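Architecture at a glance
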Amino acid sequence: QNSYDNVSFDTSGLLLASGEMERVMSFYVPELGPAPAWASFLDNLTEELEETNRKEEDLYENYKFVTREELKALGLWHLIGTPMLRAYMHGYF
């Protein structure tokens, strides 16, 4: 798709681009600015997505990654294979 022209709305993050398609392509980039007043629902959607992403990032925040050797050194090797440890790549959470 070739873009022939781009239009932004004042200080908003909404961009419109014309190309070789029949319809105008629209993009919302929150980093460029808030949504226009007539499309304020875009800000709400963006906030919800950010909250969802934060929850996923915080999921393992209180976990520590340990290797098999570290478990042996701590005397916790007997926990391998139990629900107390979750195997991940070359170690455990």
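A brief report on the enclosed structure follows.

Calculation criteria
Residues numbered from 1 in each chain as written. Predicted model: local features only at pLDDT ≥ 70, side-chain atom pairs only at ≥ 80, totals over all residues. Heavy atoms only, no water. Helix = DSSP H or I, 4+ residues; strand = E, 2+ residues; numbered from the N terminus. Buried < 20%, exposed > 50% of the residue type's maximum accessible area, 1.4 Å probe, protein only. Phe/Tyr/Trp six-rings, centres within 6.5 Å; stacked < 30°, edge-to-face > 60°.

1. Regarding the environment of Gly19
Topologically, Gly19 is positioned in strand β2 (residues 14–19). With relative accessibility at 16%, the residue Gly19 sits in the buried group. Sequence separation between Gly19 and Tyr4 is 15 residues; the distance between their C-alpha atoms is 5.2 Å.

2. Structural notes on the packing of aromatic side chains
Counted according to the given criterion, the structure contains two aromatic pairs. With a centroid separation of 5.5 Å and 70° between ring planes, the pair formed by Phe65 and Phe93 is classed as edge-to-face. Residue Phe65 is found in the loop between α1 (41–58) and β4 (66–67), and its partner Phe93 is found in the segment after β6 (91–92); the two are separated by 28 residues along the sequence. Note on Phe65: relative accessible area 28%, which makes it partly exposed. Its relative accessible area of 21% is what places Phe93 among the partly exposed residues. A centroid spacing of 5.7 Å and a plane angle of 50° characterise the contact between Tyr88 and Phe93, whose relative ring orientation is tilted. Cluster of aromatic residues (ring-pair linked, three or more members): Phe65, Tyr88 and Phe93.

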